[in-house]
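One-letter residues, chain by chain:
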Amino acid sequence: MIKCIIIDDETKDRENLRMLLESYCPQVEIIGEAKDRSSILKVLSATEPDVVFSDIQLGTTSVFEVFNELEYINFKIVFVTAFDKYAIQGYQYDAIDYLLKPIDPKRLIKVVDKTFRLGKSQQDKDEKMNEFKALYSQVMETPK
C-alpha cells in the first residue's frame, strides 16, 4: 500500500485527484489533504506519507516555498499542475514525475506504478541492510 497526501488549493482539483486515485489506483491510500502552507505543514507533521501529489502554485505562494521550510523531505513527490513551466524547478526536489492537469488516468496509473516500484526497491534495500546489521552484530559478539 502506498500512503499519499494530496496538496492543491482548489477543492475541485483535490476531489478530482482523490476520485481518480480511488477509481484507478487501489494500492494508494489517501491519508491526508492540504490546501495552503499551514495545512501542508500540519498534515506532514501528523502523517508519514510515501508520496505527495502536489500542485505547485497555491494561491500567492508556491509549494516550493513550503518545501524549503522543511528540515528534510522523506517522501516522494509527484507534481500535479496545469503549468509545465515549473518542470525543471520541480525536479530540483527529486520529483519522481510530473502530471499535467487535466489528469490523464493512464498517466496517473503509470506514475503510481513507478512510485510503487521505487518504494519496493527501497524496502528491499532496507531489509537487506537490516539483515547485514544483524549478521554484523552476531559476528562482532562471537568470541575469538
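Structure: see above.
Criteria and thresholds
Residues numbered from 1 in each chain as written. Predicted model: local features only at pLDDT ≥ 70, side-chain atom pairs only at ≥ 80, totals over all residues. Heavy atoms only, no water. Pairing = 2+ DSSP bridges. Helix = DSSP H or I, 4+ residues; strand = E, 2+ residues; numbered from the N terminus. Axes fitted to C-alpha atoms, helices over the stretch in contact; angles between N-to-C directions. Contact = heavy atoms within 4.5 Å. Phe/Tyr/Trp six-rings, centres within 6.5 Å; stacked < 30°, edge-to-face > 60°. Buried < 20%, exposed > 50% of the residue type's maximum accessible area, 1.4 Å probe, protein only. Salt bridge = Lys/Arg side-chain N within 4 Å of Asp/Glu carboxyl O.

Caption draft 1: Quick peek at the sheet that holds strand β7 (residues 97–100). An order of β2-β1-β3-β6-β7 is seen for the five strands of this open sheet, with the pairing classed as parallel. Because the sheet does not close on itself, it has two edges, and the strands there are β2 (28–34) and β7. For this sheet, the mean angle separating the axes of adjacent strands, direction not counted, is 20°. As defined by bridge partners, strand β1 (residues 2–7) adjoins β2 across six bridges and the pair is classed as parallel. Following the sheet pairing, I7 is matched in β2 by A34. Across the sheet, helix α2 (residues 37–46) touches β1, β2 and β3 (51–54), and the angle it forms with β2 is around 140°.

Caption draft 2: Quick peek at the packing of aromatic side chains. Tallied over the entire structure, the rule returns three aromatic pairs. Ring centres of F67 and F79 lie 6.5 Å apart, and the angle between their planes is 45°; this geometry places the pair in the tilted category. Here F79 lies in strand β6 (residues 76–81) and F67 lies in helix α3 (residues 63–69), a separation of 12 residues in the sequence. The same class applies to F67 as to F79, namely buried.

Caption draft 3: Spotlight on the pattern of salt bridges. Per the counting criterion, the structure on display carries 11 salt bridges. Ionic pairing is found between R14 and E33, a salt bridge with its closest N-O pair at 3.4 Å. Taken as a pair, R14 in helix α1 (residues 11–24) and E33 in strand β2 lie far apart in primary sequence, 19 residues in all. What makes E33 partly exposed here is its relative accessible area of 31%. The salt bridge involving D97 is made with K114; its shortest N-O contact spans 3.7 Å. With D97 in strand β7 and K114 in helix α5 (residues 105–141), this residue pair connects regions lying 17 residues apart in the sequence. Take D97: its relative accessible area is 11%, and that puts it in the buried class. The class for K114 is partly exposed, based on a relative accessible area of 30%.

This is a description of form; function is not addressed.
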